[in-house]
Protein chains: 2
Amino acid sequence: MAGTKVDKISDTTLRGFSGYRLKRAFNVVQADLSHVLKPFGLRMITYSALTIVADNPGMRQSELAKSLDMERPNLVGIIDQLQRKKWIRRDPAPTDRRAHALVLTELGQDLVARATEAVAEHDRKVFAGLTGDELKNLHQALQKIESMTTGRLS
Amino acid sequence: MAGTKVDKISDTTLRGFSGYRLKRAFNVVQADLSHVLKPFGLRMITYSALTIVADNPGMRQSELAKSLDMERPNLVGIIDQLQRKKWIRRDPAPTDRRAHALVLTELGQDLVARATEAVAEHDRKVFAGLTGDELKNLHQALQKIESMTTGRLS
DNA sequence: TATTGTTATACTCTATAACTATA
DNA sequence: TATAGTTATAGAGTATAACAATA
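Residues numbered from 1 in each chain as written. Chains lettered and ligands numbered in written order. Predicted model: local features only at pLDDT ≥ 70, side-chain atom pairs only at ≥ 80, totals over all residues. Heavy atoms only, no water.

Draft legend 1. Main features of the interface of chain A and chain B. Opposite the 65 residues of chain A that make contact, chain B presents 65 residues. Carbon and sulfur atoms supply 61% of the area that chain A and chain B bury against each other, a total of about 6400 Å² over both sides. Scanning the region where chain A abuts chain B turns up six salt bridges. The residue Arg24(A) makes a salt bridge to Glu146(B) at a minimum N-O spacing of 3.7 Å. At the boundary of chain A and chain B, one finds 18 residue pairs in polar contact (both at pLDDT 80 or more). Residue assignment for the side of chain A that touches chain B shows that the elements contributing at least two residues are helix H1 (12–15), helix H2 (18–37), helix H3 (44–55), helix H4 (61–67), helix H6 (106–126) and helix H7 (132–146) of chain A. If you tally residues by element for the side of chain A that touches chain B, the top one is H2(A), at 13 residues. Of the residues in the side of chain A that touches chain B, the class split is 26 nonpolar, 21 polar and 18 charged. (Contact = heavy atoms within 4.5 Å. Buried area = accessible area lost by both parts, 1.4 Å probe. Salt bridge = Lys/Arg side-chain N within 4 Å of Asp/Glu carboxyl O. Polar contact = N/O pair within 3.5 Å; in protein donor to acceptor, adjacent residues only side chain to side chain. Helix = DSSP H or I, 4+ residues; strand = E, 2+ residues; numbered from the N terminus. Nonpolar A, V, L, I, M, F, W, Y, C, P; charged D, E, K, R; others polar.)

This is the structure we're talking about:
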């Protein structure tokens, strides 16, 4: 018992903002997803990277960085790790000797396949409480928000 | 021109996950909100802290940390900053000599009032594309997701 | 014994400047 | 000149262990 205080903390002002509700919901999803990925030795960023490379074999690091919405320098260490674990290869790019062509190894492809199954199950579980209509509506709403110039609004 | 590559990068696998869509939408909101708060000398975390203290004068640091979903040690530096800027005070807690009673100064109250106006306008702008029904639906969906045990799912 | 605030520490994430080798 | 990948660096954000004062 922490004293006589009832400790009913209110966040009514913040709750008035849809953005705050969006953040709270996302935090729950993110926390759970981290637990799902940990057994695979993956984090959200490494899983996303592997999946995008799987979908776009031969892509360059700068393209991956842009796709992950991160700065090129910060991607270097991540690719280093994935390469050390033999999940990804930096092949020479055929048309540009400065660039690398990113491709998954067989080990990487296998890992992504298994992790994707787990992520898919996680996703189904998190959104299981929503009806088909609610989910469709949610996607539409999120799409509208995302299309808002992506970054700084008017 | 970056060579002959067309660079159509696909994220179809990730797009199949509602959690990924949630993340993308949240990123847009977060990035824009940061721009809104910067002129006030505030970040998301400092604005949230000030607002919750404004709603709960006399609350303790541990309560604020829990409310912000962060660890107690990480809050110390943040309160230090807010105190240095004369926006918050650490008064002695009346019933427990270990604890602090957090309260906003007049300067802090004024700042929160002005910032909250800007945040409210930002929130209206971001979600302006949604109809009343869509927004109501969105809130309901986000609430359902957030209620999923908050953390690790079953 | 447990809790409040704190210090120290470490690891992840993010952002910028500047270098090299190519284009 | 500009771009791809890299290095170095610094600032946020986050998590854990341990301590002094107090409950």
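After presenting the structure, the write-up continues.
Draft legend 2. The arrangement of the packing of helix H2 (residues 18–37) of chain B against helix H6 (residues 106–126) of chain B in detail. Residues and elements named next belong to chain B. Where H2 contacts H6, the axes come no closer than 10 Å and their chain directions differ by 150 degrees. On the basis of the axis angle, H2 is roughly antiparallel to H6. The interaxial crossing formed by H2 with H6 has right-handed handedness. Where H2 abuts H6, its residues Val-29, Asp-32, Leu-33, Val-36 and Leu-37 lie against Ala-118, Val-119, His-122 and Val-126. The class makeup of the residues in the contact of H2 with H6 is seven nonpolar, one polar and one charged. (Axes fitted to C-alpha atoms, helices over the stretch in contact; angles between N-to-C directions. Parallel < 35°, antiparallel > 145°, perpendicular 65-115°, else oblique. Left-handed = near helix turned anticlockwise from the far one by under 90°.)

Draft legend 3. Structural context of the pattern of salt bridges. Residues and elements named next belong to chain A. Under the defined criterion, the tally for this structure stands at 20 salt bridges over all chains. In this structure, Arg-60 engages Asp-96 in a salt bridge whose closest nitrogen and oxygen atoms are separated by 3.8 Å. In this pair, Arg-60 is assigned in the loop between H3 and H4 and Asp-96 in the loop between strand S1 (88–92) and strand S2 (100–104), connecting sequence segments 36 residues apart. Across the pair, exposure class does not vary: Arg-60 and Asp-96 are buried alike. (Buried < 20%, exposed > 50% of the residue type's maximum accessible area, 1.4 Å probe, protein only.)

Draft legend 4. Geometry of the side chain of Thr51(A). You can see Thr51(A) is positioned in helix H3. Look at Thr51(A) and you get buried, because its relative accessible area is 2%. There is a polar contact of 2.8 Å between the side chain of Thr51(A) and the backbone oxygen of Tyr47(A). Among all residues touching Thr51(A), those that are not within four sequence positions of it are Val112(A), Thr116(A), Thr13(B) and Leu14(B).

Draft legend 5. Examining the protein's contact with DNA strand D more closely. In the region of DNA strand D, 18 residues are neighbours, and Gln61(A), Ser62(A), Arg98(A), Arg43(B) and Asn74(B) sit closest. When atoms of DNA strand D within 4 Å of the protein are sorted by moiety, sugar and phosphate together comprise 56%. In the model, a phosphate oxygen of DNA strand D is placed 2.7 Å from a nitrogen or oxygen of the Gln61(A) side chain. Separating a phosphate oxygen of DNA strand D from a backbone N or O atom of Arg97(B) is a distance of 2.9 Å. Contributions of two or more residues to the surface near DNA strand D are made by H4 and helix H5 (72–84) of chain A together with helix H5 (72–84) of chain B. (Near = heavy atom within 4 Å.)

Draft legend 6. Region of interest: the nonpolar core. Within the largest apolar cluster, 33 residues are counted, with the highest numbers of intra-cluster contacts made by Leu42(B), Tyr47(B), Leu50(B), Leu64(B) and Leu75(B). Every element with two or more residues in this core is listed here: H2, helix H3 (44–55), helix H4 (61–67), H5, strand S2 (100–104) and H6 of chain B. Residues within four places of Tyr47(B) in sequence aside, it is in contact with Leu14(A), Phe17(A), Leu37(B), Leu42(B), Ala115(B), Thr116(B) and Val119(B). Ranked by size, the runner-up nonpolar core spans 30 residues in total, among them Leu50(A), Val53(A), Met70(A) and Leu75(A). (Core = buried A, V, L, I, M, F, W, Y, C linked by side-chain atoms within 4.5 Å.)

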